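So the chains spell out like this:
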Amino acid sequence: GWVCLGFCLDPLDWTKDHIAAWLKWCGKHLELWPIPKSDDFPNTGYNLCSLDRAEFDRRSRNRRSGRLLLLHLSLLRQPVTGTPPSPSLTTPEDGK
């Protein structure tokens, strides 16, 4: 299962600090490159959760990173939403 990151809040309720910690954790554990910068992302969980795939790709400056961040976010939200991640997020493109 996914690590709680020290806060098991619904990502919708995250603050800027939560988002920064989450991006740092994902950068390390999901081996994202370049490391996502919190300045490139919204500073509220509500706004973060409203970003679409294209926005995640753009803000993380890497399509693999964008997909993995959105996948991880949707997994963290699944207990709240009851909705599993989109199959397009769980299937790597071009073998990545």
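Throughout what follows, the structure given in this document is the object of discussion. (Residues numbered from 1 in each chain as written. Predicted model: local features only at pLDDT ≥ 70, side-chain atom pairs only at ≥ 80, totals over all residues. Heavy atoms only, no water.)

1. Observations regarding helix 3 (residues 53-60)
For step 1, the next point in the chain: If you check which residues of helix 3 are buried, you get Arg 53, Phe 56, Asp 57 and Ser 60. In a view along the axis of helix 3, the buried residues occupy a sector of 100 degrees, so they form one face of it. Set apart from the buried face of helix 3 by more than 90 degrees, the exposed residues are Ala 54 and Arg 58.
For step 2, the next point in the chain: A positive backbone phi angle near 60 degrees is found at Arg 61, which sits one or two residues after helix 3. (Buried < 20%, exposed > 50% of the residue type's maximum accessible area, 1.4 Å probe, protein only. Helix = DSSP H or I, 4+ residues; strand = E, 2+ residues; numbered from the N terminus. Arc of directions from axis to C-beta.)

2. Regarding the packing of aromatic side chains
For step 1, the next point in the chain: Applying the stated rule across the entire model yields two aromatic pairs.
For step 2, the next point in the chain: Between Trp 14 and Trp 22, the ring centres sit 5.5 Å apart and the planes meet at 55 degrees, which makes this aromatic pair tilted. For the residue pair Trp 14 and Trp 22, the accessibility class agrees, reading buried in each case.
For step 3, the next point in the chain: With a centroid separation of 5.9 Å and 50 degrees between ring planes, the pair formed by Phe 41 and Phe 56 is classed as tilted. You can see Phe 41 sitting in the loop between helix 1 (16-29) and helix 2 (45-49) and its partner Phe 56 sitting in helix 3, a full 15 residues away along the chain. In terms of burial, Phe 41 and Phe 56 fall into one category: buried. (Phe/Tyr/Trp six-rings, centres within 6.5 Å; stacked < 30°, edge-to-face > 60°.)

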